[in-house]
Amino acid sequence: QVQLVESGGGLVQAGGSLRLSCAASGRRWSSYGMGWFCQAAGKEREFVAAINWIGSRTEYADPVKGRFTISRDNDKNLLYLQMSSLEPEDTAVYYCAGRTDSNYGSTDRAKYNYWGQGTQVTVSS
């Protein structure tokens, strides 16, 4: 069974940090591109970060550049999102996503065919 399961969300004060994890199972995820997206209340799901299969190429949405870092540990089938200097505007449900048609991640959510259930991140001011 293919599964992506996020963890690590929570409540943090502005300026704080969180590390999200995504445990992948059921497929050879080390061969595929993966990404993180977020969805704030009343808004569409938006791109946050993407990574290729070996972690050598990453992309970030402009609002998180320099604050968030995406990484992966293929030996453990884990995807990470290190979030620093958090702002109230970062409050959202964060989803990890995987695409099995490419080694590369994408900024386009339509390219991903597997999604986790999401983890809530709330940043207080």
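Structure first, text after, so check above.
All of these numbers come straight from a predicted model, not from anything done at the bench. (Residues numbered from 1 in each chain as written. Predicted model: local features only at pLDDT ≥ 70, side-chain atom pairs only at ≥ 80, totals over all residues. Heavy atoms only, no water.)

Undergrad: What should I look at first to understand the pattern of salt bridges in this one?
TA: Where charged atoms of side chains with opposite charge meet at close range, the side chains can pair. Considering all chains together, one arrives at five salt bridges under this definition. Between Asp90 and Arg67 there is a salt bridge, with the nearest N and O atoms lying 2.8 Å from each other. With Asp90 in the loop between strand S8 (78-83) and strand S9 (92-99) and Arg67 in the loop between strand S6 (58-60) and strand S7 (68-73), the pair connects residues that are 23 residues apart, well separated along the chain. One salt bridge connects Arg99 with Asp101, and the closest N-O pair in it is separated by 2.8 Å. When its relative accessible area of 9% is taken as the criterion, Arg99 is described as buried. A cluster of three or more residues bridged by salt bridges with shared partners is formed by Arg67, Glu87 and Asp90. (Salt bridge = Lys/Arg side-chain N within 4 Å of Asp/Glu carboxyl O. Helix = DSSP H or I, 4+ residues; strand = E, 2+ residues; numbered from the N terminus. Buried < 20%, exposed > 50% of the residue type's maximum accessible area, 1.4 Å probe, protein only.)

Undergrad: Please clarify how the pairing of strand S3 (residues 18-25) should be interpreted in this entry.
TA: Each regular strand displays side chains that alternate between the two surfaces of the sheet. Where strand S1 (residues 3-7) meets S3, five bridges bridge the pair, whose relative direction is antiparallel. Looking at the pairing, Val5 lines up with Ala23 of S3. Two elements, S3 and S8, share six bridges in a ladder whose sense is antiparallel. Counterpart to Ser21 in the pairing with S8 is Tyr80. (Pairing = 2+ DSSP bridges.)

All we've got here are geometric facts, nothing functional implied.
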